[in-house]
Amino acid sequence: DESFAHALQDIHSAEELGINDYRINMYRAVVLYEQQKYDEAAKIAEEGLKKFPKNQSLSQTQGNALFKSGKTDEFIKNLNAKIAANPNDKESLYNLGVMLSKDPSKQAEAETIFKRLVDLDPKFPNALNNLVFAIIGEDETSINQYRDLKKAGKIDEANKVLEQRRARFQKALPYAEKLYANDPNNKEVVSLLKGMYMTTQNTAKYNEFKAKETAMK
């Protein structure tokens, strides 16, 4: 692909000029990832993380590449080892939470990890946001399950699914409200809360945040 060839040329030119920051590793890793060279992408991202251990973009690319190459367990094992050595390693806790949240069967584990991270640092980038969605879980699956049960005439079972969904949203709500407290002008957070208040049947708050959302448009 010609665009990838140009991208690689730009990378080599930057390296020849002695430009050395996370963007070179990030660019190389993304190019390789897009070419489906997942092992190489993960390796480049890992090299970048040795120099820039707090860079979330590199961590995310590494995690995605390992996930695509079927080496998720290897990455998770490595993160657990880092956390065992340093329980306050916030970057490793964040990355572990992200990796666990990719597996629907490990949402509870992801929730625990993100809670631990939020307790350590309530303002760690994306920690609260990820905690909210780890608690909510696979919401589309729940909605589809509810619709299928209702269509099949299994009303009691459908209502139970709806109640469980509402309970998850109620549990996640305080963390979403903290998100808003940290960033009240974030339209995405306002929209998120509007939807959560609707799901939890808090009409007054729903109307308040619907008005806020409208004012932001």
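Details of the structure are given in the entry above.
Residues numbered from 1 in each chain as written. Predicted model: local features only at pLDDT ≥ 70, side-chain atom pairs only at ≥ 80, totals over all residues. Heavy atoms only, no water.

Participant: Can you break down the side chain of D89 residue by residue, with the values?
Facilitator: Mapped onto the secondary structure, D89 falls in the loop between α5 (72-85) and α6 (90-101). Summary of buried charges: D89 has no salt-bridge partner, and the nearest side chain of opposite charge, K82, is 5.9 Å away. Of the polar contacts made by the side chain of D89, one reaches the side chain of S92; its length is 2.7 Å. (Helix = DSSP H or I, 4+ residues; strand = E, 2+ residues; numbered from the N terminus. Buried < 20%, exposed > 50% of the residue type's maximum accessible area, 1.4 Å probe, protein only. Lys, Arg positive; Asp, Glu negative; His and termini not counted. Salt bridge = Lys/Arg side-chain N within 4 Å of Asp/Glu carboxyl O. Polar contact = N/O pair within 3.5 Å; in protein donor to acceptor, adjacent residues only side chain to side chain.)

Participant: Before we move on, can you summarise the packing of aromatic side chains with the specific residues and values?
Facilitator: What the rule picks out here adds up to five aromatic pairs. Aromatic pair Y94 and F114: ring centres 6.2 Å apart, planes at 65°, arrangement edge-to-face. Linking Y94 in helix α6 with F114 in helix α7 (residues 107-120), this pair joins segments that are 20 residues apart in sequence. Pair check on accessibility: Y94 and F114 agree, each one buried. Among the aromatic residues, those joined into a ring-pair cluster are Y94, F114 and F124. (Phe/Tyr/Trp six-rings, centres within 6.5 Å; stacked < 30°, edge-to-face > 60°.)

Participant: So what's going on with the pattern of salt bridges? Residues and values would help.
Facilitator: Using the criterion set out here, one finds eight salt bridges in the structure. Two residues, E208 and K205, come together in a salt bridge whose shortest N-O distance is 3.4 Å. Taken together, the residues E208 and K205, both in helix α12 (residues 203-216) and three residues apart, mark about one turn of the helix. E208 is the partner of K212 in a salt bridge, and the nearest nitrogen-oxygen pair spans 3.9 Å. Taken together, the residues span about one helical turn, with K212 and E208 both in helix α12 at a distance of four residues. Using a relative accessible area of 35% as the deciding quantity, one classes E208 as partly exposed. Taken together, the shared-partner salt bridges in this structure form one network comprising E111, K115 and K171.

Participant: Describe α12, with residues and values.
Facilitator: With 14 residues, α12 extends 20 Å between its outermost C-alpha atoms, agreeing within 8% with the 20 Å of an ideal straight helix rising 1.5 Å per residue. Where α12 is buried, its residues contact α10 (155-182) and α11 (187-199). (Expected span 1.5 Å × (residues − 1). Contact = heavy atoms within 4.5 Å.)

Participant: Any chance you could break down the nonpolar core for me, citing the residues and the numbers?
Facilitator: By size, the foremost hydrophobic cluster in this structure holds 46 residues, and its most contacted members are L96, F114, V132, L193 and M196. Apart from the residues within four sequence positions on either side, V132 is in contact with A172, Y175, A176, L179, L192 and M196. (Core = buried A, V, L, I, M, F, W, Y, C linked by side-chain atoms within 4.5 Å.)

Participant: So what's going on with the packing of helix α4 (residues 56-68) against α6? Residues and values would help.
Facilitator: Helix-helix packing is described using two parameters, namely the angle between the two axes and the distance between the axes. Contact geometry of α4 with α6 gives a least axis separation of 11 Å together with a crossing angle of 35°. Considering how the two elements wind past one another, α4 and α6 form a crossing that is right-handed. Across from Q56, S59, Q60, G63 and F67 in α4, the residues of α6 making contact are Y94, N95, V98 and M99. Broken down by class, the residue content of the contact of α4 with α6 amounts to four nonpolar, five polar and no charged. (Axes fitted to C-alpha atoms, helices over the stretch in contact; angles between N-to-C directions. Left-handed = near helix turned anticlockwise from the far one by under 90°. Nonpolar A, V, L, I, M, F, W, Y, C, P; charged D, E, K, R; others polar.)

Participant: Run through α4, naming residues and quoting values.
Facilitator: Taking 1.5 Å of rise per residue, the 13 residues of α4 would be expected to cover 18 Å, and the 18 Å separating its terminal C-alpha atoms lies within 8% of that figure. Taken together, the buried positions of α4 are occupied by L58, S59, T61, Q62, G63, N64, A65 and L66. Two residues or fewer past α4, G70 is found with a positive phi of approximately 75°.

Participant: Describe in detail the environment of F114, supporting the description with residues and values.
Facilitator: Relative accessible area serves as the criterion here: at 0%, F114 is assigned to the buried category. Taking the C-alpha atoms as reference points, F114 and N129, separated by 15 residues in sequence, lie 9.3 Å from one another. Those residues in contact with F114 that lie beyond four places of it in its chain are Y94, G97, V98, A127, N130, L131 and A134.

Participant: Account for unusual backbone geometry, naming residues and giving values.
Facilitator: Phi is positive for Q36, which is not a glycine, with a value near 65°. Looking at where Q36 falls in the secondary structure, it is placed in the loop between α2 (22-34) and α3 (38-51). Even without being a glycine, N126 presents a positive backbone phi close to 75°. Within the secondary structure, N126 sits in the loop between α7 and α8 (127-136). The class of N126 is partly exposed, set by a relative accessible area of 41%.

Without other data, these values stay purely geometric and don't point to any function.
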